[in-house]
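Listed here are the chains, written in short residue letters.
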Amino acid sequence: TQLLEQSPQFLSIQEGENLTVYCNSSSVFSSLQWYRQEPGEGPVLLVTVVTGGEVKKLKRLTFQFGDARKDSSLHITAAQPGDTGLYLCAGVGGGFKTIFGAGTRLFVKA
Amino acid sequence: DTAVSQTPKYLVTQMGNDKSIKCEQNLGHDTMYWYKQDSKKFLKIMFSYNNKELIINETVPNRFSPKSPDKAHLNLHINSLELGDSAVYFCASRHTYGEQYFGPGTRLTVT
């Protein structure tokens with residue numbers, strides 16, 4: 001069974017701080033995705049990383065896919081209150097199945 | 001112009017009842033999903049249909065029965081509801097291997 005472990009599960013920081021969320025697995029994925037979910041809404045895709053070692057930037061967010069395609073990280077620079085939400089990593093393997101991590105709840109205080 | 005829509009948004013019902021949740025997507029996608037998100041926010045896949053054909057059926061009680069009348073619709077019927085069925089149910093759709101779009105969710109509360 002493919003599993004994705006996310007850490008930390010909960011993070012509360014001050015505005016302006018940096019943070020990193022980790023997503024680890026013992027399985028290899030063809031790609032890895034990061035979603036953000038706000039209360040009362042469905043997850044929204046932020047980025048998909050496909051190539052081992054790939055780094056993608058989305059404004060203050062930096063996503064990295066591990067060389068072995070088993071892990072990924074999300075780094076946020078100078079966090080803002082608007083970054084508050086639930087961040088989910090998801091591994092895409094063969095076929096149509098997407099495996100989600102348990103999520104990281106981020107709270108950024110003004 | 002909602003891409004993936006679900007009805008109802010909220011559903012409160014008693015144990016033992018039968019209920020249905022409906023999902024529609026207007027994106028022209030060929031694959032649709034049902035996910036269950038529990039109180040700890042863990043999102044778990046339940047079913048997937050590709051071109052109206054069931055392709056993923058996780059270890060879900062057979063009280064749950066999906067039905068896809070056409071590529072744009074995927075409904076979920078639940079028989080004999082139990083307290084443990086309380087959760088938020090999300091519908092999602094995508095083109096094969098493309099980006100997945102989620103609906104707003106249906107919060108089911110079984111009392």
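What you see is a predicted model, and the numbers here were worked out from it, not measured in a lab.

Trainee: Requested: an account of the interface of chain B and chain A, with residues and values cited.
Mentor: Contact with chain B, which involves 24 residues of that partner, is made by 17 residues of chain A. Here chain B and chain A share an interface that buries about 1,700 Å² over both sides, 57% of which is from carbon and sulfur atoms. There are one salt bridge connecting chain B and chain A. A salt bridge links Glu58 of chain B to Lys97 of chain A; its shortest N-O distance comes to 2.8 Å. At the junction of chain B with chain A, the criterion picks out three residue pairs in polar contact (both at pLDDT 80 or more). Secondary structure elements with two or more residues in the side of chain B that touches chain A: β4 (31-37), β5 (43-50), β6 (53-57) and β9 (87-94) of chain B. Broken down by element, the residue count for the side of chain B that touches chain A peaks at four residues, all from β4 of chain B. Here the residues of the side of chain B that touches chain A sort into 11 nonpolar, seven polar and six charged.

Trainee: How would you summarise the side chain of Asp85 of chain B if you had to cite specific residues and measurements?
Mentor: Residue and element names in this part refer to chain B. Relative to the helices and strands, Asp85 resides in the loop between β8 (73-78) and β9. Only 2.8 Å separates the side chain of Asp85 from the side chain of Arg63, close enough to count as a polar contact. A polar contact of 2.8 Å, which involves the side chain of Asp85, links it to the backbone nitrogen of Glu82.

Trainee: With reference to specific residues and values, describe the sheet that holds strand β7 (residues 61-65) of chain A.
Mentor: Residues and elements named next belong to chain A. Read across the sheet, five strands follow the order β1-β3-β8-β7-β6 without closing on themselves; strand pairing throughout is antiparallel. Of all the strands in the sheet, just β1 (5-7) and β6 (55-58) have a single pairing partner and so form its edges. Neighbour-to-neighbour, the strand axes of the sheet open up by a mean angle of 15°, direction not taken into account. In this sheet, strand β3 (residues 19-24) lies alongside β1 in antiparallel orientation, the contact comprising three bridges. By the bridge assignment, Ser7 is partnered in β3 with Tyr22.

Trainee: Help me get a handle on the nonpolar core, residues and values and all.
Mentor: In this structure, Leu19, Leu32, Trp34, Leu74, Ile76 and Leu106 of chain A are the most contacted members of the largest nonpolar core, which totals 22 residues. Counting only elements with at least two residues in this core, the list comes to β2 (10-14), β3, β4 (31-37), β5 (44-49), β7, β8 (71-76), β9 (85-92) and β11 (104-109) of chain A. Of all hydrophobic cores here, the second largest spans 20 residues; its members include Ile21, Tyr49, Leu74 and Val110 of chain B.

Trainee: Describe the sheet that holds β8 of chain B, naming the residues involved and giving the relevant values.
Mentor: Picture the strands of a sheet paired through backbone hydrogen bonds; they go either parallel or antiparallel. All names here are of chain B. The four strands lie next to each other as β1-β3-β8-β7, forming an open sheet whose pairing is antiparallel. Both outer strands of the open sheet, β1 (4-7) and β7 (64-70), are each paired with one neighbouring strand and no more. The sheet shows a mean angle of 20° between the axes of neighbouring strands, direction not considered. Two elements, strand β3 (residues 19-25) and β8, share four bridges in a ladder whose sense is antiparallel. When the sheet's bridge partners are listed, Lys19 is paired in β8 with Ile78.

Conventions used here
- Residues numbered from 1 in each chain as written.
- Chains lettered and ligands numbered in written order.
- Predicted model: local features only at pLDDT ≥ 70, side-chain atom pairs only at ≥ 80, totals over all residues.
- Heavy atoms only, no water.
- Contact = heavy atoms within 4.5 Å.
- Buried area = accessible area lost by both parts, 1.4 Å probe.
- Salt bridge = Lys/Arg side-chain N within 4 Å of Asp/Glu carboxyl O.
- Polar contact = N/O pair within 3.5 Å; in protein donor to acceptor, adjacent residues only side chain to side chain.
- Helix = DSSP H or I, 4+ residues; strand = E, 2+ residues; numbered from the N terminus.
- Nonpolar A, V, L, I, M, F, W, Y, C, P; charged D, E, K, R; others polar.
- Pairing = 2+ DSSP bridges.
- Axes fitted to C-alpha atoms, helices over the stretch in contact; angles between N-to-C directions.
- Core = buried A, V, L, I, M, F, W, Y, C linked by side-chain atoms within 4.5 Å.
- Buried < 20%, exposed > 50% of the residue type's maximum accessible area, 1.4 Å probe, protein only.

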